[in-house]
Amino acid sequence: MVIKGKIHSFGNDVNTDDIIPAVYLDTTEPSELAKYCMIGIDPTFPSRVISGEIMVANKNFGCGSSREHAPIAIKACGIACVVAASFARIFYRNAINIGLPIIVCPEAAGESNDGDILEVDTDQGTIKNLTTDKTYATAPFPEFMQRLIAAGGLMEYVRIKNATANLHSK
Amino acid sequence: MGKTIAEKILGAHMGRDVSPGELIEVDVDIALGNDITTPLAIVEFEKLGLKSVFDQDRVVIVPDHFAPNKDVKAAQQCKMVREFAKKYRITNYFEVGRMGIEHALLPEQGLVLPGDIIIGADSHTCTYGALGSFATGIGSTDLAAVMATGQIWFMVPESIKFIFHGSCQKWVSGKDLILHTIGRIGVDGANYAAMEFCGEVISSLSMSDRFTMSNMAIEAGGKCGIIQADETTIEYVSSRAKREYKIYKSDDNAKYKEVYEFDCSRIEPQVAFPHLPSNTKPISEVGDIKIDQGVIGSCTNGRIEDLRIAAQVLRGKKVHPEVRLIIIPATQAIYQLAIKEGLIDIFIEAQAVVSTPTCGPCLGGHMGILAEGERAIATTNRNFVGRMGHPKSEVYLASPAIAAASCISGRIVAPEEVL
Ligand code: SF4
C-alpha cells in the first residue's frame, strides 16, 4: 500500500488522554470519536485534517491507557498512517489489530516538519519525504504481524482460525 | 541460559521454552474488561456469531469507570455490558453494589493468582504482577479475540530488573518507590519490557504496597511489573484462591536487558508534577504548591492500608477550608472494613467526602472533576494534561500520606508538617 499525504506533526509522549480524553469514551462510534481526535493537544485538529493525511510524532506515541478509542479516533478522522520514532506498547498492538498502519522510523520522524508531504510504502518499508527529498528505510513487520495484516486485522484472523478449528460455534 | 519469571510463565503456558523477541500465541487464565473497553470488544465479538465465550468462568467484567452510571451514555454502555454478561452467562460479572475498582477487586476475590497469564482491556492490568503473575493490558479487539479463542498474541518481552536495597524512610511507601523509579527511567524507560521488582525492601513490603508498584509499571511503558511470589503472597492468596496456582522464580543466571539498583534509605516521599508521572521531585524540593482538591483512592492507592494511613494523618484534623478532599475506597469490602475500623468517621469528621467505589475522578469521569486552573493532589497514577478535568487543570501524584497531609495544609507538604 502506498500512502501519500500532508504531515500533521506531534511531539514526544503523546498520550491517549491527548488523543481522546476520557469524557468522550462514552461511545464506541468511530465517527463520534473522530470529532474529538487529538483535542487534548489541538482542539482544531479534527476540523483541519483531510482524509488520507499522515500523522508524524516523536517517541512513545500513544502512551497511557489501553483505550482502543485512540487509534479508532485517529483512523476515523481520516489519518491514513502514523509514523513515529517509537510507539507505546498497547497503542501499537491496538493499531495493528484494527488495521491502522503505523510505522516506526525515528529518522523520518525526527527530520520531517509539519506540512511536509510524505509518501509511505508499507510493502517496501520505505518512507519518502517529498518536501525535503529524503528517503528512509524501515524494518518490515514480523511474519506473524504480516499474517494479521493480510487477514485484515485480528478479528478476521480469529474468524479464519475459528472456521478451521470449528471452535464452540455450535 | 537461565530464564526470568516472565519467560517462565509464558513458557509454561506454551509448553516449551520461549525467548525474548519471539511472537507467540498463548492461552490466558483470566481475561478482564470494564464498562469503557468491553463495549468495543462486544461489537467485535458479536460479529463472530459464537454461542459462547471461551470459558464463562475466566472472563471477568467490572463496570467501574463511569459506574454507578454517571449519565445516560454511561448507562447505555453499562447496560450493554450487563446484557452481554447475562447472555453469555459470565460468572464473574460484578454489578454496582458488588463491584469495586477492577484492579483492587480481582486480587481481593482470588480471581488472579501467581503463575497466571492475565490480560485485561485496561492498561493497569499490570497490577496483578505483584502476585507473581504475567499480567498486562491489551485493547478491546484483543479482548474480543481472547473471549472467542482463549488465546492472545504476544511478543515475549525482555526483562529489566529493579533491586531495592536498604530500608525505607518514614512515610515512604510503595507509591514513592515506584514514582522514584519512573522518575529515574522515564515514561518509556521500560517500553515493551517486563519490569521485575526485587530486593530486601520489596520482600518486606505488604501486598498493598506491592500492588501499588506493579500498578504503575505501565507508567514507565512496561508490559508488566512482576514481583516474585513469597510468604506474603501466599498468605494473601491462600484464603482466596479457588484453583491451583504455581510460583515461578527467576534463575540466577537469567538474562536482563538492564539492572537498576536503589538505596532506599536515600529515597524521600515523592511527588510527580504535571504533566507526566516521571516528573518527580522529593517532597523536600516541592516548594510552595497550593491545592484545591485531594483525591485518595483509585486502583493505585484505594486499598484498606492506604485508607489507614490517610486516617492516621487526618485523625482529629480538618481539611483546609479552601480544599475539597474526596476519599474513595476501592471495593465494597474495603469500604465496609473502613467503616468497621472507624476510618470513615475520621474522614467525615475531617470534612472529607467519602464515595462508593468507582474510578470516578481518576480519569476525569465524574465525582470530582477539576475546573480551569485548579490543582489536585491525587493518589492516582496519571497526571496527563486534562486527566482529571479541564485541560488547564493540574494533577500532582503522591502517596496517601502526602495527599492527606496536603489537604490539611492546603499546600503540598510532608505529614510531619501537620502532625
Ligand atoms: S482507578 Fe483510574 S487508573 Fe485505575 S482502573 Fe480506574 S480509571 Fe484506570
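Residues numbered from 1 in each chain as written. Chains lettered and ligands numbered in written order. Predicted model: local features only at pLDDT ≥ 70, side-chain atom pairs only at ≥ 80, totals over all residues. Heavy atoms only, no water.

Helix and strand counts for chain A come out as eight helices and seven strands. Relative to a compact globule of 170 residues, whose C-alpha radius of gyration would be 15 Å, chain A shows 16 Å and is just as compact. Sequence separation of at least 24 residues holds for 63% of the intrachain contacts in chain A that already meet a minimum separation of 6. Of the roughly 6800 Å² of accessible surface on chain A, a fraction of 54% belongs to carbon and sulfur atoms. Side chains of chain A give 15 positive and 19 negative charges; the mean places of these two sets differ by 7 Å. (Helix = DSSP H or I, 4+ residues; strand = E, 2+ residues; numbered from the N terminus. Rg over C-alpha atoms; globule rule 2.2 N^0.38 Å. Contact = heavy atoms within 4.5 Å. Areas by Shrake-Rupley, 256 points an atom, 1.4 Å probe, with all protein chains shown as cover. Lys, Arg positive; Asp, Glu negative; His and termini not counted. Charge placed at Lys NZ, Arg CZ, Asp CG, Glu CD.)

As a further point, take the environment of Thr233(B). All names here are of chain B. When you line up the elements, Thr-233 lands in helix H9 (residues 231-238). Taking relative accessible area as the criterion, Thr-233 reaches 0% and is therefore assigned buried. Sequence separation of Thr-233 and Ile-267 is 34 residues, and the distance between their C-alpha atoms is 25 Å. In contact with Thr-233, not counting residues within four places along its chain, are Pro-114, Ala-130, Leu-131, Met-207, Arg-210 and Gln-228. (Buried < 20%, exposed > 50% of the residue type's maximum accessible area, 1.4 Å probe, protein only.)

Residue and element names in this part refer to chain A. Taken in spatial order, the seven strands line up as E4-E3-E2-E1-E5-E6-E7 in an open sheet, and their pairing is mixed. Looking at strand neighbours, the two that pair on one side only are strand E4 (102-104) and strand E7 (134-137), the edges of this open sheet. Put simply, the sheet's adjacent strands are angled 25 degrees from each other on average, direction ignored. As paired strands, strand E2 (residues 54-57) and strand E3 (residues 81-84) are joined by four bridges and run parallel to one another. Pairing of Ile-54 across the sheet is with Cys-81, part of E3. (Pairing = 2+ DSSP bridges. Axes fitted to C-alpha atoms, helices over the stretch in contact; angles between N-to-C directions.)

Cis geometry is found at the peptide bond from Ala67(B) to Pro68(B), where omega equals -10 degrees. Looking at the secondary structure, you find Pro68(B) in the loop between strand E3 (59-62) and helix H3 (72-87). The amide bond that connects Pro274(B) to the next residue, His275(B), takes the cis arrangement and shows omega of 0 degrees. By the secondary structure assignment, His275(B) is in the loop between strand E12 (270-272) and strand E13 (280-282). Unlike most non-glycine residues, Asn60(A) shows phi in positive territory, near 60 degrees. In this fold, Asn60(A) is placed in the loop between E2 and helix H4 (69-76). Look at Asn60(A) and you get buried, because its relative accessible area is 0%.

Let us now look at H9(B). Residues and elements named next belong to chain B. Regarding H9, the residues found buried are Thr-233, Tyr-236 and Val-237. All buried residues of H9 project into a common sector of 85 degrees when viewed along the axis, lining one side. Seen from the buried face of H9, the exposed residues on the opposite side, beyond 90 degrees, are Glu-231 and Glu-235. Lining the buried residues of H9 we find helix H4 (102-108) and helix H8 (207-215). Of the residues flanking the start of H9, the one acting as N-cap is Asp-230, its side-chain oxygen 3.0 Å from the backbone nitrogen of Thr-232. (Arc of directions from axis to C-beta. Polar contact = N/O pair within 3.5 Å; in protein donor to acceptor, adjacent residues only side chain to side chain.)

The next subject is the site of the ligand. Near the ligand, the surroundings consist of His65(B), Ile101(B), His103(B), Asp122(B), His124(B), Ser298(B), Cys299(B), Cys359(B), Cys362(B), Leu363(B), Asn381(B) and Arg387(B). In terms of residue class, the shell around the ligand is made up of five nonpolar, five polar and two charged. (Near = heavy atom within 4 Å. Nonpolar A, V, L, I, M, F, W, Y, C, P; charged D, E, K, R; others polar.)

Applying the stated criterion to the full structure yields 27 salt bridges over all chains. One network of salt bridges, in which partners are shared, links Asp13(A), Lys59(A) and Asp188(B). (Salt bridge = Lys/Arg side-chain N within 4 Å of Asp/Glu carboxyl O.)

To continue, consider the interface of chain A and chain B. Contacts between the two partners involve 45 residues from chain A, matched on the other side by 51 residues from chain B. For the pair chain A and chain B, the two sides together bury roughly 4100 Å², of which 59% comes from carbon and sulfur. Taken together, the links from chain A to chain B amount to five salt bridges. The closest approach of N and O atoms between Asp17(A) and Arg387(B), which form a salt bridge, is 3.1 Å. Here chain A is connected to chain B by 22 residue pairs in polar contact (both at pLDDT 80 or more). Breaking the side of chain A that touches chain B down by element, the ones donating at least two residues are helix H1 (16-19), H4, helix H5 (89-98), helix H7 (143-151) and helix H8 (154-165) of chain A. Split into classes, the residues belonging to the side of chain A that touches chain B amount to 18 nonpolar, 14 polar and 13 charged. (Buried area = accessible area lost by both parts, 1.4 Å probe.)

So, about the side chain of Asp306(B). Residues and elements named next belong to chain B. Position of Asp-306 among the secondary structure elements: in helix H11 (residues 304-314). Here Asp-306 is buried and forms no salt bridge, its nearest opposite-charge partner Arg-303 lying at an N-O distance of 4.4 Å. In contact with Asp-306, not counting residues within four places along its chain, are Ser-208, Thr-300, Asn-301 and Pro-400.

Our focus in this paragraph is the sheet that holds strand E10 (residues 224-226) of chain B. All names here are of chain B. As summarised here, the arrangement of the four strands in space is E10-E9-E8-E11, forming an open sheet in which the pairing is parallel. Single-partner strands in this sheet number two, and they are E10 and strand E11 (258-263). Pairs of neighbouring strands in the sheet enclose a mean axial angle of 20 degrees, with direction left out of account. Relative to strand E9 (residues 194-198), strand E8 (residues 159-165) runs parallel, the two being bridged by five bridges. In the sheet register, Ser-159 faces E9, and the bridge partner there is Ala-194. In the packing of helix H6 (residues 174-185) onto the sheet, contacts are made with E8, E9 and E11, and the angle to E11 comes to roughly 130 degrees.

This part is about the packing of H4(A) against H5(A). Residue and element names in this part refer to chain A. Packing of H4 against H5 leaves a shortest axis separation of 9 Å and a crossing angle of 50 degrees. On the basis of the axis angle, H4 is oblique to H5. Between H4 and H5 lies a crossing whose hand is right-handed. For the pair formed by H4 and H5, the contact residues are Ala-70, Pro-71, Ile-72, Ile-74 and Lys-75 on the first element and Phe-91, Asn-94, Ala-95 and Ile-98 on the second. In the contact of H4 with H5, the residues fall into seven nonpolar, one polar and one charged. (Parallel < 35°, antiparallel > 145°, perpendicular 65-115°, else oblique. Left-handed = near helix turned anticlockwise from the far one by under 90°.)

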